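Tertiary structure, described
Given next are the chains, with one letter for each unit.
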Amino acid sequence: MTDARPIFEAEGLQAGYSDVNILHGVSVSVPRGGTVSVIGPNGSGKTTLLRALFGFIPLRGGRVVFRPEGAEHDVSDLPPHRRTALGIGFVPQLDNVFPSMTVRENLELGAFLEPGRTVAERLERVYAWFPLLAERRRQRAGTLSGGERQMLALARALMPNPKLLLLDEPSAGLAPMVVDAIFEQLEEINHAGISLMIVEQNARRSLAMSDWGYVLELGRNRFSGPGPDLLHDPKVVDLYLGGRGRLAAAGELAGEDYEATPPAERLRRRR
Ligand SMILES: Nc1ncnc2c1ncn2[C@@H]1O[C@H](COP(=O)(O)OP(=O)(O)OP(=O)(O)O)[C@@H](O)[C@H]1O
Ligand SMILES: [Mg+2]
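Residues numbered from 1 in each chain as written. Chains lettered and ligands numbered in written order. Predicted model: local features only at pLDDT ≥ 70, side-chain atom pairs only at ≥ 80, totals over all residues.

1. Considering the overall build of the protein
Scanning the protein from terminus to terminus reveals 11 helices and 10 strands. Among the 271 residues that make up the protein, the fraction classed as buried is 42%. (Helix = DSSP H or I, 4+ residues; strand = E, 2+ residues; numbered from the N terminus. Buried ≥ 20, exposed ≤ 12 C-beta atoms within 10 Å, placed from the backbone.)

Below is the structure:
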């Protein structure tokens with residue numbers, strides 16, 4: 001029987017840098033097999049949230065639970081490589097490939113930690129998703145286009161066969177056609193059973209493909225709801241997808257609309 005509980009759940013997260021707290025009790029959750037978007041103004045703490053979720057910065061409060069099929073792990077205090085070993089992948093926003101290494105070498109770096117498969121098998125699986133990377137396997141990553149680099153970063157995170165991918169602005173700085181290609185790729189990856197948490201500036205596109213969306217503001221949950229509903233919620237449109245984002249960024253609008261984590265029964269199934 002399929003486990004109906006969320007595959008990933010974080011509750012009351014507090015984290016920050018030196019003596020500054022950036023996250024003030026953020027809660028997010030990813031339904032099993034689902035896609036979740038996190039949006040919010042610049043500086044609202046989206047990248048900090050992903051860093052805390054993957055273990056790059058320590059938690060000062062709250063906890064993070066990962067539930068691959070049939071198991072539950074409290075990963076709150078685990079370093080990133082242990083989270084990877086359990087099935088959590090991370091695609092950082094910037095500096096996500098090694099420019100002087102070839103495409104294939106970059107991929108091989110991501111190939112550790114999956115018992116029972118050879119590097120060659122893992123490369124084959126990833127090349128099947130990204131035929132363009134197969135063609136360019138001997139090319140240095142630094143010579144790839146922005147979109148190709150993003151594909152490479154995505155492909156590398158897929159090498160250990162994760163169950164969940166955390167992505168920080170996968171479409172940042174890319175031309176509209178390339179953005180389309182990245183989102184199509186993400187949908188394919190999700191249809192293959194990998195759960196996704198996507199932080200995006202490209203909020204419309206990201207919410208449209210998400211079962212659930214969260215809006216962060218000043219390190220706190222502000223709104224949440226099914227992705228397409230948020231996309232049409234006048235308050236969200238007005239504040240984050242339209243012209244009044246400044247007010248929200250300045251904290252002039254108090255939050256009262258954060259409702260819940262995604263209940264499994266509301267999960268919109270596309271399969
Ligand atoms: N390494 C760091 N040291 C100190 N402060 C930091 C560090 N990284 C981020 N911050 C601060 O934390 C706050 C949240 O930044 P964060 O990068 O998480 O925002 P974001 O929502 O990802 O923004 P953007 O949309 O611009 O990517 C900002 O005020 C930022 O200045
Ligand atoms: Mg960011």
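Additional details are given in the paragraphs that follow.
2. What about the nonpolar core?
Taken as a class, soluble globular proteins show a tendency for nonpolar side chains to be buried jointly. With 63 residues, the main nonpolar core has Leu49, Leu152 and Leu166 as its most contacted residues. Setting aside residues up to four positions removed in sequence, leucine 166 forms contacts with Leu50, Leu53, Phe54, Ile88, Gly89, Phe90 and Met197. (Core = buried A, V, L, I, M, F, W, Y, C linked by C-beta atoms within 7 Å. Contact = placed C-beta atoms within 7 Å.)

3. Brief notes about the pairing of strand 3 (residues 35-39)
Counting buried residues in strand 3 gives five out of five residues, a clear majority hidden from the surface. The side-chain alternation of strand 3 yields two buried faces, one formed by Thr35, Ser37 and Ile39 and the other by Val36 and Val38. Relative to strand 8 (residues 195-199), strand 3 is paired through four bridges, and the arrangement is parallel. Its bridge partner lying in strand 8, serine 37 is registered against isoleucine 198. Bridge count between strand 3 and strand 9 (residues 212-217): four bridges; the pairing is parallel. The residue of strand 9 that forms the bridge with valine 36 is tryptophan 212. (Pairing = 2+ DSSP bridges.)

4. Some details on the sheet that holds strand 2 (residues 20-30)
Within a sheet, neighbouring strands are paired by backbone hydrogen bonds and run either parallel or antiparallel to one another. Here four strands make up an open sheet; going across it, the order is 2-1-4-5 and the pairing antiparallel. The sheet is open, and its two edges are formed by strand 2 and strand 5 (73-74), each paired on a single side. With five bridges connecting them, strand 1 (residues 8-17) and strand 4 (residues 61-66) associate as antiparallel partners. Residue pairing for strand 4: glutamate 11 is matched across the bridge by arginine 63.

5. So, the site of ligand 1
In the vicinity of ligand 1, the contacting residues are Tyr17, Ile22, Gly40, Asn42, Gly43, Ser44, Gly45, Lys46, Thr47 and Thr48. Residue contributions to the shell around ligand 1 peak at three residues, all from helix 1 (residues 46-54). (Near = placed C-beta within 6 Å.)

On their own, these measurements won't tell you what the molecule is for.
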